[in-house]
Amino acid sequence: MIAKLDDPARASAWCAEVRSRGARLGFVPTMGALHEGHLTLVRRAVAENDRVCVSVFVNPLQFNEKRDYDLYPRDFDADARLVEAAGAAMVFTGTLASFFPDDVAAPDGVAGIGSFDARSLRDPGPCALGLEGDLRPGHFAGVATIVARLFDVVEPTRAYFGAKDFQQTLVVRDLARRRGGPEIRVCPTVREPSGLARSSRNERLSPRGRETAAVLVRALERARERWRAGVRDASELRAAMTAVLSRAPIDVEYAALRDPERWTREEPTGALARAIALVAARVEGVRLIDNLRLDAEDAEA
Ligand code: AMP
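One numbering rule holds for all chains: residues counted from 1, following each sequence as written. For this predicted model, a pLDDT threshold of at least 70 governs which residues receive local features, and a threshold of 80 or more governs which side-chain atom pairs are given and counted, while totals over whole chains, interfaces and linings are taken from all residues. Calculated side-chain values reflect all of the structure's heavy atoms, with hydrogen atoms and water omitted.

By the burial criterion, the buried members of helix H4 (residues 76-85) are Asp79, Ala80 and Val83. Angularly, the buried residues of H4 cover 100 degrees about the axis, an arc narrow enough to put them on a single face. Residues of H4 that are exposed and point over 90 degrees away from its buried face: Arg81 and Ala85. Should any heavy atoms of two residues lie within 4.5 Å, those residues are considered in contact. What counts as a helix is a DSSP run of H or I of at least four residues, what counts as a strand is a run of E of at least two, and both are numbered from the N terminus. On its buried face, H4 sits against strand E1 (3-5), helix H2 (36-48), strand E3 (51-56) and strand E4 (90-92). At the C-terminal side of H4, Gly87 shows a positive phi close to 105 degrees. Burial classes: relative accessible area under 20% of the type maximum marks a residue as buried, over 50% as exposed, and values in between as partly exposed (1.4 Å probe, protein chains only). What the arc describes is the spread of directions from the helix axis to the C-beta atoms.

Quick look at the structure:
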C-alpha cells in the first residue's frame, strides 16, 4: 500500500526515515491530473532509486492567471492510485499554508497568492528571462519557490522533470546547483498518437481542439526538417514554424529558437551550433507549450 500523506511535515518525516536507512530516494514533483507523461517520470525514478515519492500540489504561486488556476483539474485519490500502480511508495500533498507556515498570512482555506509574503519568493535566476518568463510574470519565481521548498521537505537523491517544460528544467537545474542537490534527471516528452504533448491542460480541449493542437508539434517538426536540411539561422527556422502555425485557428504566443546549452533572453543571431525550437499557443483558450531539440532525437539528460 502506498503511503498517502496530506501534510508536508509528515512527508518530511517519512522521507527522513527512508534516507536514514541509506536508501536512494527518487522524487517526482507534480501538480496532479496525472497522465502518462508524469507516470513515465515515476517509472524511471522507480527504476533508478530504492524508494520514490511524488508530490501533488497545484501551486498557486506559479499561476499568473486566476482562471487557469481555478480550472486546473484536481483529484488526489485518483492520482494516488496511478502513482501507486507505477511503483511509488509515498504520495503527498498540502496546502500553501502548510508548505509555507511562516509566509502565508491567511488561514487555510482562504490562503492564496495574495496572502503569500512576496519577500519569501525565490529568485529563479537568469534562465527565467525570456519566453515563458516574460509572458508569465512571476511564474518561475513561483516554480523556484515551491521546488526549493519541496526539495527541503524531501531531500531526494534525484528529482525527475519533463523536457516538455524545457525552460523550467533550466531553472530547476540552476536551483539544484545553488543548493548542492539533488541530482536532476530530465525525461523526454511523452506524446499522444497525434504527436500532441501530453498535458493536464489537454483535458480542457474538445476533440476538435486536440486535433488542432497537434499543429504545435507539426511546426516543431518542420523546424527540425529545415535543421536537417542544413538551415542554421534562427529567423529562417522560426519562419518555417510560423508558416505551419499560421494556417491553424490558434493564437500563437511565440515560436522561437534558442541554444539549449546557453540560454539567452533573446533569440541568438548568427549560425546556431545547437538548437531547440519552442512554441506556446492558445487553442480554444487553453495555453499549451511544446519544444523539440533540433540537433538530437530528444533532450534526455
Ligand atoms: P506538472 O504536473 O504539469 O507540473 O508536471 C509535472 C512534471 O511532469 C514536470 O516535470 C513536467 O515537465 C512533467 N511532464 C508534464 N507533461 C509531460 C509530458 N508530456 N512528458 C514528459 N514529462 C511531462
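That covers the picture; the talk isn't over yet.
The next thing to look at is the site of the ligand. Residue proximity to a molecule or strand is established when one non-hydrogen atom of the residue lies within 4 Å of it. What surrounds the ligand is a group of 17 residues, the closest being Met31, Gly162, Asp165, Val190 and Arg198. Two N or O atoms form a polar contact when they lie within 3.5 Å of each other; inside protein one atom must be a possible hydrogen donor and the other a possible acceptor, and for residues adjacent in sequence the pair counts only when both atoms belong to side chains. Gly162 places a main-chain nitrogen or oxygen 2.9 Å from an oxygen atom of the ligand. With respect to the ligand, the side chain of Asp165 contributes an N or O atom lying 2.6 Å from an oxygen atom. Computed with the Shrake-Rupley method and a 1.4 Å probe, the accessible areas treat only the protein chains shown as cover for residues. When the ligand is considered free in solution it has 480 Å² of accessible area, and contact with the protein chains removes 93% of it. For the shell around the ligand, the secondary-structure elements that each account for two or more residues are strand E2 (25-30), H2 and strand E5 (158-162). In this classification, the charged set is Asp, Glu, Lys and Arg, the nonpolar set is Ala, Val, Leu, Ile, Met, Phe, Trp, Tyr, Cys and Pro, and all remaining amino acids, among them Gly, are polar. A class-by-class count of the residues in the shell around the ligand yields seven nonpolar, seven polar and three charged.

Once that is clear, we can look at the nonpolar core. We define the nonpolar core as a collection of buried residues of types Ala, Val, Leu, Ile, Met, Phe, Trp, Tyr and Cys that are connected through side-chain atoms lying within 4.5 Å of one another. Phe92 and Phe151 are the most contacted members of the largest nonpolar core, which totals 50 residues. A per-element tally of this core places helix H7 (residues 139-154) first, with 10 residues. Counting residues in hydrophobic clusters, the runner-up holds 29 residues, among them Ala219, Trp227, Leu237 and Met241.

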